[in-house]
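Inside the fold
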Amino acid sequence: MYKQQAVEQLREYSRAKERAPFLAAKAQVLKERLENNIGDKRTTLAVLKRVECTMTADSMVIQDVESCLEYLDERERCVLWHFYVRRTYDYIEILNEKLCVERSQIYRLKDKAIQKYAMLSMGDFY
């Protein structure tokens, strides 16, 4: 169960990192609309509040995940990054090149890394 939650948390981290620049730009546009009295003020304020709430929640997710990732070694972070955060079609080949290990070893590293990450990120540990 913890492994599935950890995987989902890493995927949410990926989505939050991707959303961050867009949400910042969207908030800036909405603030400019309010300053220049463009459009319905009430609607603009409501949308701005939702955008800012999403930005705050995303920031918390990013901080939580990054604080756990700090305690993993470089190889474990690399494997989790390519498996769950920035997965590409050739992620195994990339990991083969970066880590100089066989495919089966990559999967063993991934299993160890996700277990360690799950332990660090779940509240039962502390």
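So, here is what we can say about the structure in this document. (Residues numbered from 1 in each chain as written. Predicted model: local features only at pLDDT ≥ 70, side-chain atom pairs only at ≥ 80, totals over all residues. Heavy atoms only, no water.)

Remarks on the pattern of salt bridges
Quick note on the threshold: A side-chain nitrogen of Lys or Arg and a carboxyl oxygen of Asp or Glu constitute a salt bridge if their distance falls within 4 Å. The numbering of helices and of strands both runs from the N terminus, where a helix is a DSSP run of H or I of at least 4 residues and a strand a run of E of at least 2. Type-normalised accessible area, obtained with a 1.4 Å probe on protein chains alone, sets the label of each residue: buried when under 20%, exposed when over 50%, and partly exposed for intermediate values.
Under the criterion given, the structure shown has eleven salt bridges. Arginine 86 is the salt-bridge partner of glutamate 18, the closest N and O atoms lying 3.0 Å from each other. A residue pair is termed long-range when its members are at least 10 positions apart, and glutamate 18 in helix H1 (residues 2-35) and arginine 86 in the loop between helix H3 (74-85) and helix H4 (91-99) qualify at 68 residues. Owing to a relative accessible area of 52%, glutamate 18 belongs among the exposed residues under this scheme. Judged by its relative accessible area of 31%, arginine 86 is partly exposed. A salt bridge links aspartate 111 to lysine 110; the shortest N-O distance between them is 3.3 Å.

So, H1
Stated formally: A helix is expected to span 1.5 Å multiplied by its residue count minus one. Fitting axes to the seven residues that end at a residue and to the seven that start at it, the angle between those axes gives the bend at that residue. For this analysis, residues touch if any pair of their heavy atoms sits within 4.5 Å.
The terminal C-alpha atoms of H1 lie 46 Å apart, and with 34 residues this matches the ideal 50 Å at 1.5 Å per residue to within 8%. Maximal helix bending in H1 amounts to about 35 degrees, located at alanine 20; proline proline 21 follows within four positions. All of the buried residues in H1 are Ala6, Val7, Leu10, Tyr13, Ser14, Ala16, Leu23, Ala27 and Leu30. The inward-facing, buried residues of H1 contact helix H2 (41-69), H3 and helix H5 (103-121). Looking at the residues trailing H1, positive phi occurs at asparagine 37, about 55 degrees.

Some points on the packing of H1 against H2
Rule in force here: Interaxial angles span 0 to 180 degrees and are taken between N-to-C directions of axes, which are lines fitted to C-alpha atoms, for helices over the stretch in contact. An angle below 35 degrees is read as roughly parallel, one above 145 as roughly antiparallel, one from 65 to 115 as roughly perpendicular, and any other as oblique. With the far helix as reference, a near helix turned anticlockwise by less than a right angle produces a left-handed crossing, and one turned clockwise produces a right-handed crossing.
At a minimum axis separation of 8 Å, H1 and H2 run at an interaxial angle of 150 degrees. Considered as vectors, H1 and H2 are oriented roughly antiparallel to each other. Crossing of H1 against H2: the hand is left-handed.

Brief notes about H2
Relative to the 42 Å expected for 29 residues at 1.5 Å per residue, H2 spans 41 Å between its end C-alpha atoms, a close match to the ideal helical length. Taken residue by residue, H2 has Thr44, Leu48, Val51, Asp58, Ile62, Val65, Cys68 and Leu69 as its buried positions. Those residues of H2 that are buried lie in contact with H1, H3 and H5.

Here we look at the packing of H4 against H5
The criterion, for reference: Classification convention: Asp, Glu, Lys, Arg as charged; Ala, Val, Leu, Ile, Met, Phe, Trp, Tyr, Cys, Pro as nonpolar; all other residues, Gly among them, as polar.
Look at H4 against H5: their axes get within 10 Å of each other, and the N-to-C directions meet at 90 degrees. Comparing their axes, H5 and H4 come out roughly perpendicular. Contacts between H4 and H5 involve Tyr91, Ile92, Leu95, Asn96 and Leu99 from the first element and Arg103, Ile106, Tyr107 and Leu109 from the second. For the contact of H4 with H5, the class distribution of residues is seven nonpolar, one polar and one charged.

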